[in-house]
Amino acid sequence: MQHDDAVHAAEEPRVADTAQPGGQEPAQPQPWVADHEWIPVDQRLAKVQHLANFFSTVAWAAGGCVPWLLKHFDVWATPTWIVWAGWILVAYSLVSGVVEAFLIGPRVRSMGWMLRENDFTYRVGIILRRVVVVPYGRLQYVDLTSGPLMRRYGLCEVSFKTAAAESSPDIPGLTQADGERLRDELAARGEQKLAGI
């Protein structure tokens, strides 16, 4: 009998001990981002905006030179006032381009977003700070977009539509992975609110 009991005891399945040292519970997976925590945009967005500002400045300045070039090469007898208007456009383009170049860095550093229990919050602005609060229940759709410069640096822009168009900002400067996660998270929370959960 003792031999049979020993055999049965050996055949009983053993349950793995999952308890942590000190009697602690197993660690739970951490959420992607914590609620009520400001998440800054990727700082590579500043490079994208610097390049866009450079190309825009060059294009407008080149356009302002066209009247003078047409007159200089006798292509068209451009009136003098149009030539001066072109030079004014060149000067304005260069000045605004330089000013924008100085503002890009601080503006990008001021951008951030935050998930809360009932809404999504986005902030931007240096002197005049703009904070947009979008309730999850008003989200209609969430999408990702990225132009050539954004794709060059692996970034994207999260855009969404709400019932109120004025409270539907686009969130630039997220990596592709973070943009997809944010899109899915906003869509899931929006569905929960619409379902009354």
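Read on for a plain summary of the structure.

Conventions we followed
Residues numbered from 1 in each chain as written. Predicted model: local features only at pLDDT ≥ 70, side-chain atom pairs only at ≥ 80, totals over all residues. Heavy atoms only, no water. Helix = DSSP H or I, 4+ residues; strand = E, 2+ residues; numbered from the N terminus. Expected span 1.5 Å × (residues − 1). Bend = angle between axes of the 7 residues up to and from the residue. Buried < 20%, exposed > 50% of the residue type's maximum accessible area, 1.4 Å probe, protein only. Contact = heavy atoms within 4.5 Å. Pairing = 2+ DSSP bridges. Axes fitted to C-alpha atoms, helices over the stretch in contact; angles between N-to-C directions.

### Concerning helix 3 (residues 80-110)
Under the 1.5 Å per step criterion, the end-to-end length of helix 3 is 44 Å for 31 residues, consistent within 8% with the ideal 45 Å. Where helix 3 bends most, at leucine 103, the angle is about 35°, and the proline proline 106 comes one to four residues later. By the burial criterion, the buried members of helix 3 are Val83, Gly86, Val90, Ser93, Gly97, Ile104, Gly105, Val108 and Ser110. Those residues of helix 3 that are buried lie in contact with helix 2 (45-72), strand 2 (112-115) and strand 3 (119-124).

### As for the sheet that holds strand 5 (residues 139-145)
Taken in spatial order, the three strands line up as 5-6-7 in an open sheet, and their pairing is antiparallel. In this open sheet, the two edge strands, each paired with only one partner strand, are strand 5 and strand 7 (171-175). Each strand of the sheet is rotated relative to its neighbour by a mean of 30°, with strand direction disregarded. Pairing of strand 5 with strand 6 (residues 155-162), which is carried by six bridges, proceeds in the antiparallel orientation. Bridge assignment links leucine 144 to a residue of strand 6, and that residue is valine 158.

### A word on the side chain of serine 93
You can see serine 93 is positioned in helix 3. Every residue in contact with serine 93, bar those within four places of it in the chain, is listed here: Thr57, Trp60 and Ala61.

### Observations concerning the sheet that holds strand 3
With antiparallel pairing, the four strands of this open sheet are ordered in space as 1-2-3-4. Each end of this open sheet is capped by a strand with a single partner; those strands are strand 1 (39-40) and strand 4 (130-135). With two bridges joining them, strand 1 and strand 2 adopt antiparallel strand pairing. Counted as the bridge partner of isoleucine 39 is tryptophan 113 from strand 2. Across the sheet, helix 5 (residues 176-194) touches strand 2 and strand 3, and the angle it forms with strand 2 is around 40°.

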